[in-house]
Amino acid sequence: MPGPVAAAAPLSSGQAAKVARAAAPFCYGEPSTPAADINDLKGRFSSSNWMPTLQEMYKRRWPSGEKLAIAQANDKYWTQFVNTKSFDGFAESMMVAIHEETHMWDLDPSRTKWNEYTASWINASQQATNVPLQGGFPRKEILPLITDKLSDSMDGIYLRDSQQGAYLLQGVLAELNAGLTGLPAVTVVQEFIKGVGASNARDIAATNLRYLLLYLRVAKDKHPDYWAKIKNEPKLRELVLTQFLRTAYWLEKSAPYTGKIGSPDADKITATNYAPANIAIVEEFTGATVRRDTDKHCTT
């Protein structure tokens, strides 16, 4: 992977982003070992040992997942998301379970004040905290910029729904961050996934990046006062850059498993995310130049 990778040092999110941007090119990356043997865990899996199994499974294959599971181990809602009937079902349910537990960590009142500031669990060594949001406008305002049907099912949930469509930037960032943990959660255990419970993991990541880019475009074009406020928030600009590169990183890692953890539409949505107007907005907002070639997880 060309360029330095900002994933190992235990820096705050702001420090990590500043270091990365100061030493271009910056490439997003984080440790994962998807070929690590976990067949012994499958062999002794039961409905009573699912949490130790979850932590050990990710310790071997994706340490960020292990750290998140440890951080959220006492959350009472895990059992609503985790399938404990079989190991294969358990692995497949991780997309939803890790996605939702990311929400639980991010939106904990000790870290987030709705529409004022937010937090994002990014990986084992990087978490963004106290990221100012400055309010915003309803995310449904991006709908006119979506001229295809590639994300139609999610558009109906997050944009056209009367409650969800009224969410501001907080909702856009929260869904993107959860999608960016749900995707690696199943990418690293893809060989055990036999059903459809994780079949849109790649689509979720690509679509929520689409929403963020379009939200920034509408902010600039329709809400110039708000645009000026958020463009003057370094932590928010750093988070946007990290999430843009992180999306590219995990979409690349998961690409071989299209059909199992994502539809072909995910790559079509990604192509629209790299349209000139979308690249222009992310570069203007973050101050970084992102790569368009095979190393899309990097800046130049």
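Residues numbered from 1 in each chain as written. Predicted model: local features only at pLDDT ≥ 70, side-chain atom pairs only at ≥ 80, totals over all residues. Heavy atoms only, no water.

A. The arrangement of empty space enclosed by the protein in detail. Per the counting criterion, the structure on display carries two cavities of 30 Å³ or more. Broken down by secondary-structure element, the contributors of at least two residues to the lining of the second largest cavity are α6 (87–106), α8 (169–187) and α9 (201–222). Sorting elements by how many residues they give to the lining of the second largest cavity places α8 first, with three residues. Residue composition of the lining of the second largest cavity, grouped by class: four nonpolar, three polar and no charged. (1 Å grid on protein atoms, 1.4 Å probe; cavity = no way out; pocket = protein on both sides within 12 Å on 5 of 7 lines; lining within 4 Å. Points joined across faces, edges and corners; volume = space filled by probe spheres on them. Helix = DSSP H or I, 4+ residues; strand = E, 2+ residues; numbered from the N terminus. Nonpolar A, V, L, I, M, F, W, Y, C, P; charged D, E, K, R; others polar.)

B. Broad picture of the pattern of salt bridges. Taken as a whole and assessed by the stated rule, the structure comprises 15 salt bridges. Between E116 and K113 there is a salt bridge whose closest N-O contact spans 3.6 Å. Exposure remark for E116: the relative accessible area of 43% places this residue in the partly exposed category. With its nearest N and O atoms 3.2 Å apart, the salt bridge here joins D267 to R202. With D267 in helix α12 (residues 265–273) and R202 in helix α9, this residue pair connects regions lying 65 residues apart in the sequence. We classify D267 as partly exposed; its relative accessible area is 39%. Several salt bridges share partner residues, and in doing so they unite D40, R44, E56 and R60 into one network. (Salt bridge = Lys/Arg side-chain N within 4 Å of Asp/Glu carboxyl O. Buried < 20%, exposed > 50% of the residue type's maximum accessible area, 1.4 Å probe, protein only.)

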